[in-house]
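Results of the structural survey
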Amino acid sequence: MTDQPIKTRREGGILEVTIDRPKANAIDLVTSRIMGEIFRDFRDDEVLRVAIITGAGEKFFCPGWDLKAAAAGDAVDGDYGVGGFGGMQELRDLNKPIISAVNGICCGGGLEIALSTDLILAAEHATFALPEIRSGTVADAASIKLPKRIPYHIAMDMLLTGRWLDVQEAHRWGFVNEILPADRLMARAWELARLLESGPPLVYAAIKEVVREAEGEKFQTTMNRITRRQLKTIDVLYSSEDQLEGARAFAEKRDPVWKGK
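In this convention, every chain numbers its residues from 1, walking through the sequence in written order. The predicted nature of this model means local features are confined to residues of pLDDT at least 70 and side-chain atom pairs, given and counted, to a pLDDT of 80 or more, with totals for whole chains, interfaces and linings taken over all residues. Note that the side-chain values use all heavy atoms of the structure and ignore hydrogens as well as water.

All right, on to the pairing of strand β1 (residues 6-11) then. DSSP bridges decide pairing: two strands pair if at least two such bridges lie between them. Strands here mean DSSP runs of E at least two residues long; helices mean DSSP runs of H or I at least four residues long; both are numbered from the N terminus. Taken together, the six bridges between β1 and strand β2 (residues 14-19) define a ladder with antiparallel strand orientation. Considered in β2, the bridge of Arg9 is made with Glu16. Here β1 hands over to β2 after two residues, with Gly12 in that stretch at a positive phi of 60 degrees.

As structure tokens, then:
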């Protein structure tokens, strides 16, 4: 239906998710729950291997929480659905690559959504901020994630002042991978998605689980869990056909054929 706040498109193993809520692509409780269902289904679909998330239009990626919906009764601590706000940042076992294609203003919960993805591409006119301080609330997920991704003092500057970063500064601090002309953004996102689609899904899953688990553990603790095959994705990978296929393809000097099993 054309009036759905989230549009999806799938091609082969790639899912494109577009936030489409005029005028600003802000997210209310209903939209968040829809996004949770979409990303849960993406996680569980054996055919889908990579996702792209973007915003409709040329001005907004996503400004985060819909303050008009909040004023009308949406509770800030309401039911965001499976996966928490935006459907992915608290979704368990989301072990597939996700690309953000930031096509404009990316702030508040919108920036938290982007930080929940694995690669961030941004248009030349994109801007970034955490303005929650000005509305008397806390950017909770960003307060956890951002100081681990960029220098502490820059993260605290954003959190404490709400100041805006242009795309060049965001790239300089390392939370934007590539800057692109607006008319090249989605083409580059799909190019990168196709590259990831062709890669080994079980290895991607293992990488994402290892990175996630290592955030709260000492180096040796995580290494011990890997070598003892105590992480589910590692155990699956080390017992898989793909593990053997990778070694055979290398020995035979050919491209591997990944089956995800």
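Don't stop here, the text continues.
This part takes up the packing of aromatic side chains. Pairing of aromatic rings covers Phe, Tyr and the six-membered ring of Trp, with a centre-to-centre limit of 6.5 Å; geometry is then stacked below 30 degrees between planes, edge-to-face above 60, and tilted otherwise. Under the counting rule described, the total for this entry stands at three aromatic pairs. Note on Trp65 and Tyr80: the rings are 5.7 Å apart at their centroids and 80 degrees apart in plane angle, and the pair reads as edge-to-face. You can see Trp65 sitting in the loop between β4 (60-62) and α2 (67-71) and its partner Tyr80 sitting in the loop between α2 and β5 (98-102), a full 15 residues away along the chain. Each member of the pair, Trp65 as well as Tyr80, is classed as buried. Ring geometry for Tyr80 versus Phe85: centroids 5.5 Å apart, planes at 90 degrees, classification edge-to-face. The two residues Tyr80 and Phe85 agree in class, both being buried. Whether a charge sits over a ring comes down to the Lys NZ or Arg CZ being within 6 Å of the ring centre and within 35 degrees of the ring normal. One residue, Arg9, lies across the ring of Trp190, its end atom 4.1 Å from the ring centre. In this structure, Arg172 is placed above the aromatic ring of Trp173, and the distance from its NZ or CZ to the ring centre is 5.6 Å. Burial status follows relative accessibility: with a 1.4 Å probe on protein chains alone, a residue under 20% of its type maximum counts as buried, one over 50% as exposed, and anything between as partly exposed.

Only a pair of cysteine sulfur atoms within 2.5 Å counts as a disulfide in this structure description. Applying the stated criterion across every chain yields a total of zero disulfides. With no disulfide partner, Cys106 has as its closest neighbouring cysteine sulfur the one in Cys107, 7.3 Å distant. Judged by relative accessible area, Cys107 falls into the buried class, the value being 6%.

A few words now on the sheet that holds β4. Taken together, four strands build an open sheet; the order of strands is β4-β6-β8-β9 and the sheet is mixed. Here the strands that pair on one side only, and so sit at the sheet edges, are β4 and β9 (165-166). In this structure, strand β6 (residues 105-107) lies alongside strand β8 (residues 127-129), joined through three bridges in parallel fashion. From the neighbouring strand, Cys107 faces β8, where its bridge partner is Ala129.

Attention now moves to unusual backbone geometry. In this chain, Pro22 is followed by Lys23 through a cis amide linkage whose omega measures 10 degrees. With respect to the secondary-structure elements, Lys23 resides in the loop between β2 and α1 (29-44). Its identity as a non-glycine residue notwithstanding, Asp93 has a phi of 60 degrees, on the positive side. Note on Asp93: relative accessible area 43%, which makes it partly exposed.

Viewed as axis vectors pointing N to C, helix α8 (residues 201-214) and helix α9 (residues 219-227) meet at an angle of 145 degrees, and their least axial separation amounts to 10 Å. Remark: the crossing between α8 and α9 carries right-handed chirality. Contacts between α8 and α9 involve Val210, Glu213 and Ala214 from the former and Thr222, Arg225 and Ile226 from the latter. In terms of residue class, the contact of α8 with α9 is made up of three nonpolar, one polar and two charged. Every axis in this analysis is a line fitted to C-alpha atoms, fitted for helices over the stretch in contact. Angles between the N-to-C directions lie between 0 and 180 degrees. For a crossing to be left-handed, the near helix must be turned anticlockwise from the far one by less than a right angle; the clockwise case is right-handed. Working rule for contacts: check all heavy atoms of both residues, and any pair within 4.5 Å makes them a contact. Classes in brief: Ala, Val, Leu, Ile, Met, Phe, Trp, Tyr, Cys and Pro nonpolar; Asp, Glu, Lys and Arg charged; the others, Gly included, polar.

Side-chain atoms within 4.5 Å link the members of a nonpolar core, which is a set of buried Ala, Val, Leu, Ile, Met, Phe, Trp, Tyr and Cys residues. Judged by nonpolar contacts, the single largest core of 46 residues is most densely connected at Phe39, Ile53, Phe128 and Phe175. In terms of residue count, α1 provides more of this core than any other element does, five residues in total. When neighbours within four sequence positions are excluded, Phe39 is seen to be in contact with Val17, Ala51, Ile53, Gly86, Gly87, Met88, Leu91, Leu94 and Ile98. Counting 15 residues, the second-largest nonpolar core is a separate cluster that includes Ile14, Leu180, Ala189 and Ala193.

This next bit is on α8. What a helix should span is 1.5 Å times the count of its residues minus one. Between its first and last C-alpha, α8 extends 20 Å over 14 residues, near the 20 Å set by a 1.5 Å rise per residue. On its buried face, α8 is in contact with α7 (185-197), α10 (232-238) and α11 (241-251).

Before going further, it helps to examine the pairing of β2. Across the six residues that make up β2, a large majority, six, are buried. Of the two faces of β2, the one carrying Ile14, Glu16 and Thr18 and the one carrying Leu15, Val17 and Ile19 are both buried. Relative to strand β3 (residues 50-55), β2 is paired through six bridges, and the arrangement is parallel. What sits directly across from Val17, in β3, is Ile53. In the classification by handedness, the crossover that spans β2, the intervening α1 and the parallel β3 is right-handed. Look down the strands so they point away from you; if going from the first strand over the helix to the second traces a clockwise path, that crossover is right-handed.

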